[in-house]
Amino acid sequence: MTKWTVDYLSQASNKEVKIHVSTVPQMDFLSKNFVYRTLPFDVFVRRAAEAKHTEYFISEDEKYYLRSLGEDPRKDIADLQKQFPLLACDIQIPEYFEKEHFFSTVFRISSAGLQLWTHYDVMDNFLIQVTGKKRVVLYSPRDVPYLYLSGTKSEVLDVDKPDLKKYPLFVKAKRYECQLKAGDVLFIPALWFHNVISEEFGVGVNVFWKHLPSDCYDKTDTYGNKDLIAASRAVQILDRALKTLDELPEEYRDFYGRRMVLRIQEKTYSSNYE
Ligand SMILES: O=C(O)CCC(=O)C(=O)O
Ligand SMILES: [Fe+2]
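Keep in mind it's a predicted model, so treat the numbers as computed, not measured.

This paragraph deals with the environment of Glu155. If you trace the backbone, Glu155 turns up in the loop between β9 (153-154) and β10 (176-180). Along the sequence, Glu155 and Phe29 sit 126 residues apart, while their C-alpha atoms lie 8.4 Å from each other. In contact with Glu155, not counting residues within four places along its chain, are Phe29, Leu30, Leu147, Tyr148, Leu149, Ser150 and Tyr167.

Okay, structure coming up:
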(Lines give C-alpha, C1' and ligand atoms only; values in the text may rest on other atoms or scores of the structure.)
(Ligands and ions follow the chains in the order given, each with its own letter.)
Protein backbone atom coordinates (compact mmCIF):
# COMPACT_ATOMS: atom_id res chain seq x y z
CA MET A 1 0.00 0.00 0.00
CA THR A 2 2.90 2.39 0.64
CA LYS A 3 5.38 0.97 -1.87
CA TRP A 4 3.25 1.43 -4.99
CA THR A 5 3.81 5.14 -5.52
CA VAL A 6 3.70 6.69 -8.99
CA ASP A 7 7.52 6.83 -9.03
CA TYR A 8 7.92 3.21 -7.95
CA LEU A 9 5.37 1.92 -10.48
CA SER A 10 6.91 3.95 -13.31
CA GLN A 11 10.41 2.58 -12.79
CA ALA A 12 9.04 -0.99 -12.83
CA SER A 13 7.98 -1.07 -16.47
CA ASN A 14 7.98 0.86 -19.72
CA LYS A 15 6.07 -1.88 -21.49
CA GLU A 16 3.40 -0.65 -23.94
CA VAL A 17 -0.13 -0.90 -22.56
CA LYS A 18 -3.46 -0.42 -24.28
CA ILE A 19 -5.69 1.97 -22.34
CA HIS A 20 -9.14 3.52 -22.46
CA VAL A 21 -9.05 7.31 -22.85
CA SER A 22 -12.21 9.25 -22.09
CA THR A 23 -13.00 12.96 -22.07
CA VAL A 24 -15.91 12.37 -19.68
CA PRO A 25 -15.79 10.44 -16.39
CA GLN A 26 -18.63 8.09 -17.27
CA MET A 27 -17.53 5.70 -20.00
CA ASP A 28 -20.36 4.66 -22.33
CA PHE A 29 -19.99 1.40 -24.26
CA LEU A 30 -23.15 2.19 -26.27
CA SER A 31 -22.12 5.56 -27.73
CA LYS A 32 -18.39 4.63 -27.44
CA ASN A 33 -17.41 7.97 -25.92
CA PHE A 34 -13.88 6.71 -25.27
CA VAL A 35 -10.97 5.65 -27.46
CA TYR A 36 -8.24 3.05 -27.15
CA ARG A 37 -4.67 4.30 -27.19
CA THR A 38 -1.27 2.86 -26.41
CA LEU A 39 1.30 4.32 -24.00
CA PRO A 40 4.36 3.02 -22.22
CA PHE A 41 3.27 1.87 -18.74
CA ASP A 42 5.40 4.50 -16.93
CA VAL A 43 3.96 7.36 -19.02
CA PHE A 44 0.44 6.01 -18.55
CA VAL A 45 0.80 5.83 -14.74
CA ARG A 46 2.05 9.43 -14.55
CA ARG A 47 -0.78 10.66 -16.73
CA ALA A 48 -3.47 8.73 -14.86
CA ALA A 49 -2.23 10.22 -11.58
CA GLU A 50 -2.53 13.85 -12.78
CA ALA A 51 -5.78 15.77 -13.23
CA LYS A 52 -4.57 18.04 -16.03
CA HIS A 53 -2.16 16.92 -18.71
CA THR A 54 0.42 18.84 -20.71
CA GLU A 55 0.57 15.97 -23.17
CA TYR A 56 -2.74 14.32 -24.07
CA PHE A 57 -4.70 12.60 -26.87
CA ILE A 58 -8.01 14.50 -26.85
CA SER A 59 -8.22 17.03 -24.05
CA GLU A 60 -6.13 18.25 -21.13
CA ASP A 61 -8.48 16.73 -18.56
CA GLU A 62 -9.02 13.36 -20.28
CA LYS A 63 -9.25 10.29 -18.04
CA TYR A 64 -7.46 6.98 -18.35
CA TYR A 65 -8.29 3.40 -17.50
CA LEU A 66 -6.07 0.34 -17.74
CA ARG A 67 -7.42 -3.17 -17.68
CA SER A 68 -4.21 -5.09 -18.30
CA LEU A 69 -4.22 -7.83 -20.93
CA GLY A 70 -2.14 -10.84 -21.90
CA GLU A 71 0.72 -10.59 -24.40
CA ASP A 72 -1.63 -11.51 -27.25
CA PRO A 73 -5.08 -10.58 -25.85
CA ARG A 74 -6.82 -12.99 -28.23
CA LYS A 75 -4.90 -15.98 -26.87
CA ASP A 76 -3.18 -14.97 -23.65
CA ILE A 77 -4.60 -14.32 -20.24
CA ALA A 78 -3.59 -11.33 -18.11
CA ASP A 79 -1.05 -12.54 -15.56
CA LEU A 80 0.96 -9.90 -13.70
CA GLN A 81 3.66 -12.49 -13.00
CA LYS A 82 4.24 -12.65 -16.77
CA GLN A 83 3.55 -9.06 -17.86
CA PHE A 84 4.80 -7.13 -14.81
CA PRO A 85 7.20 -9.50 -12.98
CA LEU A 86 8.85 -6.72 -10.94
CA LEU A 87 5.49 -5.61 -9.52
CA ALA A 88 4.00 -9.10 -9.23
CA CYS A 89 6.71 -9.88 -6.64
CA ASP A 90 4.99 -7.40 -4.29
CA ILE A 91 1.65 -9.20 -4.45
CA GLN A 92 0.64 -12.16 -2.38
CA ILE A 93 -2.65 -13.63 -3.43
CA PRO A 94 -4.62 -14.86 -0.41
CA GLU A 95 -4.86 -18.66 -0.37
CA TYR A 96 -8.61 -18.85 -0.66
CA PHE A 97 -8.66 -21.17 -3.66
CA GLU A 98 -6.59 -24.04 -5.04
CA LYS A 99 -3.60 -22.92 -7.09
CA GLU A 100 -4.83 -24.99 -10.06
CA HIS A 101 -8.01 -22.91 -10.15
CA PHE A 102 -6.13 -19.65 -10.72
CA PHE A 103 -7.22 -17.89 -13.92
CA SER A 104 -5.76 -14.37 -14.11
CA THR A 105 -4.38 -11.33 -12.34
CA VAL A 106 -5.37 -8.01 -13.86
CA PHE A 107 -4.22 -4.43 -13.25
CA ARG A 108 -7.07 -1.93 -12.79
CA ILE A 109 -5.47 1.48 -12.86
CA SER A 110 -7.67 4.49 -13.16
CA SER A 111 -7.74 8.29 -13.19
CA ALA A 112 -9.71 10.02 -10.45
CA GLY A 113 -13.40 10.20 -11.32
CA LEU A 114 -13.53 7.46 -13.95
CA GLN A 115 -16.60 5.22 -13.90
CA LEU A 116 -16.72 1.73 -15.35
CA TRP A 117 -20.12 0.48 -16.52
CA THR A 118 -22.10 -2.15 -14.64
CA HIS A 119 -21.21 -5.65 -15.81
CA TYR A 120 -20.82 -9.21 -14.68
CA ASP A 121 -17.95 -11.67 -15.03
CA VAL A 122 -18.30 -15.46 -14.98
CA MET A 123 -15.60 -16.25 -12.42
CA ASP A 124 -15.21 -15.63 -8.72
CA ASN A 125 -13.06 -12.60 -8.13
CA PHE A 126 -11.03 -10.75 -5.52
CA LEU A 127 -10.79 -7.06 -6.27
CA ILE A 128 -7.73 -5.90 -4.36
CA GLN A 129 -7.46 -2.15 -3.93
CA VAL A 130 -3.79 -1.39 -3.45
CA THR A 131 -3.89 2.42 -3.51
CA GLY A 132 -6.67 5.00 -3.91
CA LYS A 133 -10.36 5.01 -3.11
CA LYS A 134 -13.13 3.45 -5.11
CA ARG A 135 -16.90 3.14 -4.81
CA VAL A 136 -18.38 -0.15 -5.89
CA VAL A 137 -22.10 -0.68 -6.45
CA LEU A 138 -23.25 -4.29 -6.76
CA TYR A 139 -26.47 -6.00 -7.86
CA SER A 140 -27.45 -9.59 -7.42
CA PRO A 141 -27.66 -11.87 -10.51
CA ARG A 142 -31.33 -12.20 -9.57
CA ASP A 143 -31.89 -8.56 -10.48
CA VAL A 144 -31.04 -9.24 -14.13
CA PRO A 145 -34.62 -8.38 -15.29
CA TYR A 146 -34.13 -4.81 -14.03
CA LEU A 147 -30.69 -4.12 -15.44
CA TYR A 148 -31.34 -3.93 -19.22
CA LEU A 149 -28.37 -6.00 -20.35
CA SER A 150 -26.54 -5.75 -23.58
CA GLY A 151 -24.30 -8.82 -23.47
CA THR A 152 -22.51 -8.79 -20.12
CA LYS A 153 -23.04 -5.03 -19.57
CA SER A 154 -25.96 -3.00 -18.25
CA GLU A 155 -27.26 -0.20 -20.48
CA VAL A 156 -28.12 1.80 -17.36
CA LEU A 157 -24.88 3.77 -17.23
CA ASP A 158 -25.82 6.26 -14.57
CA VAL A 159 -26.74 4.12 -11.59
CA ASP A 160 -27.11 7.26 -9.43
CA LYS A 161 -29.46 9.17 -11.73
CA PRO A 162 -30.91 6.51 -14.02
CA ASP A 163 -33.11 7.52 -16.94
CA LEU A 164 -36.32 5.96 -15.61
CA LYS A 165 -38.31 6.81 -18.74
CA LYS A 166 -35.98 4.54 -20.66
CA TYR A 167 -35.29 2.05 -17.83
CA PRO A 168 -38.43 2.02 -15.62
CA LEU A 169 -37.69 -1.35 -14.00
CA PHE A 170 -34.29 -0.23 -12.77
CA VAL A 171 -35.86 1.11 -9.54
CA LYS A 172 -36.53 -2.51 -8.58
CA ALA A 173 -32.85 -3.44 -8.58
CA LYS A 174 -31.47 -3.66 -5.05
CA ARG A 175 -28.29 -1.70 -4.75
CA TYR A 176 -25.42 -2.87 -2.54
CA GLU A 177 -22.72 -0.27 -2.10
CA CYS A 178 -19.27 -0.24 -0.59
CA GLN A 179 -16.16 1.92 -0.42
CA LEU A 180 -12.80 0.38 -1.09
CA LYS A 181 -9.81 2.05 0.51
CA ALA A 182 -6.16 1.10 0.05
CA GLY A 183 -5.70 -2.37 1.48
CA ASP A 184 -9.30 -3.47 1.09
CA VAL A 185 -10.22 -6.61 -0.82
CA LEU A 186 -13.72 -7.12 -2.19
CA PHE A 187 -14.97 -10.59 -3.05
CA ILE A 188 -17.15 -10.32 -6.17
CA PRO A 189 -18.89 -13.65 -6.75
CA ALA A 190 -19.35 -14.79 -10.36
CA LEU A 191 -22.44 -13.23 -12.02
CA TRP A 192 -22.73 -10.42 -9.46
CA PHE A 193 -23.02 -7.10 -11.28
CA HIS A 194 -20.56 -4.39 -10.35
CA ASN A 195 -20.19 -0.71 -11.19
CA VAL A 196 -17.00 1.02 -10.17
CA ILE A 197 -16.13 4.69 -9.67
CA SER A 198 -12.52 5.52 -8.85
CA GLU A 199 -12.84 8.43 -6.48
CA GLU A 200 -9.09 8.96 -6.53
CA PHE A 201 -6.29 7.86 -8.83
CA GLY A 202 -5.66 4.32 -7.73
CA VAL A 203 -4.15 0.96 -8.50
CA GLY A 204 -6.15 -2.20 -8.12
CA VAL A 205 -5.40 -5.80 -8.95
CA ASN A 206 -8.13 -8.30 -9.49
CA VAL A 207 -7.79 -12.06 -9.36
CA PHE A 208 -10.20 -14.32 -11.20
CA TRP A 209 -10.32 -18.01 -10.43
CA LYS A 210 -12.28 -20.94 -11.76
CA HIS A 211 -14.49 -22.13 -8.97
CA LEU A 212 -16.23 -24.63 -11.29
CA PRO A 213 -14.64 -27.59 -13.17
CA SER A 214 -12.41 -26.07 -15.84
CA ASP A 215 -14.23 -27.74 -18.76
CA CYS A 216 -17.32 -25.60 -17.99
CA TYR A 217 -15.51 -22.47 -19.17
CA ASP A 218 -15.12 -21.27 -22.72
CA LYS A 219 -11.51 -22.06 -23.71
CA THR A 220 -11.33 -18.90 -25.85
CA ASP A 221 -12.20 -16.64 -22.93
CA THR A 222 -9.15 -14.56 -21.98
CA TYR A 223 -11.13 -11.97 -19.98
CA GLY A 224 -13.16 -14.12 -17.60
CA ASN A 225 -16.43 -12.79 -18.97
CA LYS A 226 -17.54 -15.24 -21.68
CA ASP A 227 -20.63 -17.16 -20.67
CA LEU A 228 -20.13 -20.79 -19.67
CA ILE A 229 -20.15 -23.21 -22.60
CA ALA A 230 -23.46 -24.80 -21.61
CA ALA A 231 -25.05 -21.36 -21.10
CA SER A 232 -24.05 -20.18 -24.57
CA ARG A 233 -25.32 -23.41 -26.09
CA ALA A 234 -28.65 -23.12 -24.29
CA VAL A 235 -29.07 -19.52 -25.48
CA GLN A 236 -28.31 -20.61 -29.07
CA ILE A 237 -30.91 -23.35 -28.84
CA LEU A 238 -33.44 -20.87 -27.42
CA ASP A 239 -32.81 -18.58 -30.38
CA ARG A 240 -33.59 -21.50 -32.68
CA ALA A 241 -36.76 -22.26 -30.73
CA LEU A 242 -37.80 -18.61 -31.09
CA LYS A 243 -37.24 -18.76 -34.86
CA THR A 244 -39.42 -21.86 -34.93
CA LEU A 245 -42.20 -20.12 -33.00
CA ASP A 246 -42.14 -17.46 -35.71
CA GLU A 247 -43.61 -20.07 -38.07
CA LEU A 248 -46.85 -19.92 -36.04
CA PRO A 249 -49.67 -17.38 -36.36
CA GLU A 250 -49.50 -14.68 -33.65
CA GLU A 251 -52.17 -16.15 -31.38
CA TYR A 252 -50.40 -19.53 -31.27
CA ARG A 253 -46.93 -18.03 -30.92
CA ASP A 254 -48.21 -16.11 -27.90
CA PHE A 255 -49.77 -19.24 -26.35
CA TYR A 256 -46.74 -21.50 -26.82
CA GLY A 257 -44.37 -18.69 -25.89
CA ARG A 258 -46.15 -18.34 -22.54
CA ARG A 259 -46.10 -22.08 -22.01
CA MET A 260 -42.37 -22.17 -22.69
CA VAL A 261 -41.75 -19.34 -20.23
CA LEU A 262 -43.66 -21.31 -17.58
CA ARG A 263 -41.68 -24.43 -18.33
CA ILE A 264 -38.36 -22.61 -18.14
CA GLN A 265 -39.35 -21.04 -14.81
CA GLU A 266 -40.50 -24.36 -13.41
CA LYS A 267 -37.39 -26.22 -14.56
CA THR A 268 -34.63 -23.68 -13.94
CA TYR A 269 -35.46 -21.22 -11.18
CA SER A 270 -33.64 -22.00 -7.96
CA SER A 271 -35.30 -21.71 -4.59
CA ASN A 272 -31.84 -21.76 -3.12
CA TYR A 273 -31.47 -17.98 -3.14
CA GLU A 274 -31.91 -15.25 -0.56
O1 LIG B 1 -12.01 -1.91 -10.20
C2 LIG B 1 -12.23 -1.81 -11.41
O3 LIG B 1 -11.77 -0.89 -12.09
C4 LIG B 1 -13.07 -2.83 -12.10
C5 LIG B 1 -13.04 -4.14 -11.43
C6 LIG B 1 -13.73 -5.23 -12.18
O7 LIG B 1 -14.54 -5.04 -13.04
C8 LIG B 1 -13.39 -6.61 -11.82
O9 LIG B 1 -12.54 -6.82 -10.92
O10 LIG B 1 -13.98 -7.54 -12.41
FE1 LIG C 1 -15.52 -6.97 -13.59
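The immediate surroundings of ligand 1 are formed by Tyr65, Arg108, Leu116, His119, Asp121, Asn125, Leu127, Lys134, His194, Val196, Asn206 and Phe208. One of the side-chain N or O atoms of Asp121 is found 3.0 Å from an oxygen atom in ligand 1. One of the side-chain N or O atoms of Asn125 is found 2.9 Å from an oxygen atom in ligand 1. Compared with its free state, where it exposes 290 Å², ligand 1 has 100% of that area covered by protein. If you list the elements that add at least two residues to the shell around ligand 1, you get β5 (115-119), β6 (124-131), β12 (193-198) and β13 (202-209). When grouped by side-chain class, the residues that make up the shell around ligand 1 number five nonpolar, four polar and three charged.

This part takes up the side chain of Thr105. Of note, Thr105 is situated in strand β4 (residues 102-110). Judged by its relative accessible area of 7%, Thr105 falls in the buried class. Of note is the side chain of Thr105, whose polar atom sits 2.9 Å from the backbone nitrogen of Leu80. Excluding residues that lie within four positions of it along the chain, Thr105 makes contacts with Ser68, Ala78, Asp79, Leu80, Ile93, Val205, Asn206 and Val207.

So, on to the pattern of salt bridges. Counted by the stated rule, this structure contains 14 salt bridges. Between Lys133 and Glu200 there is a salt bridge; the shortest N-O distance is 3.4 Å. Taken together, the residues span a long stretch of sequence, with Lys133 in the loop between β6 and β7 (134-139) and Glu200 in the loop between β12 and β13 at a distance of 67 residues. Linked by salt bridges that have partners in common, Arg135, Asp160, Arg175 and Glu177 make up one network.

Turning our attention to the sheet that holds strand β3 (residues 63-67). With antiparallel pairing, seven strands are arranged side by side in an open sheet as β2-β1-β3-β4-β13-β6-β11. Looking at strand neighbours, the two that pair on one side only are β2 (34-40) and β11 (185-188), the edges of this open sheet. Taking each pair of neighbouring strands and ignoring which way they run, the sheet shows an average axis angle of 25 degrees. Bridge count between strand β1 (residues 16-22) and β2: seven bridges; the pairing is antiparallel. Within β2, the residue paired with Lys18 across the bridge is Thr38. Each of β1, β2, β3 and β4 is contacted by helix α2 (residues 41-49), which is oriented at about 125 degrees to β2, the strand it contacts most.

Turning our eyes to something else, we now look at the coordination of the iron ion (ligand 2). Every protein donor of the iron ion (ligand 2) is listed here as His119 (NE2), Asp121 (OD) and His194 (NE2), and their distances to the metal cover 2.1 to 2.2 Å. The sequence motif formed by the donor residues of the iron ion (ligand 2) is H-x1-D-x72-H. Separated by 75 residues along the polypeptide, His119 in strand β5 and His194 in strand β12 bring together distant segments of the chain. Of the two residues, His119 and His194, both sit in the buried class.

Cut-off values and rules
Residues numbered from 1 in each chain as written. Chains lettered and ligands numbered in written order. Predicted model: local features only at pLDDT ≥ 70, side-chain atom pairs only at ≥ 80, totals over all residues. Heavy atoms only, no water. Helix = DSSP H or I, 4+ residues; strand = E, 2+ residues; numbered from the N terminus. Contact = heavy atoms within 4.5 Å. Near = heavy atom within 4 Å. Polar contact = N/O pair within 3.5 Å; in protein donor to acceptor, adjacent residues only side chain to side chain. Areas by Shrake-Rupley, 256 points an atom, 1.4 Å probe, with all protein chains shown as cover. Nonpolar A, V, L, I, M, F, W, Y, C, P; charged D, E, K, R; others polar. Buried < 20%, exposed > 50% of the residue type's maximum accessible area, 1.4 Å probe, protein only. Salt bridge = Lys/Arg side-chain N within 4 Å of Asp/Glu carboxyl O. Pairing = 2+ DSSP bridges. Axes fitted to C-alpha atoms, helices over the stretch in contact; angles between N-to-C directions. Donors = N, O, S within 2.8 Å, 3.2 Å for Na, K, Ca; no water.

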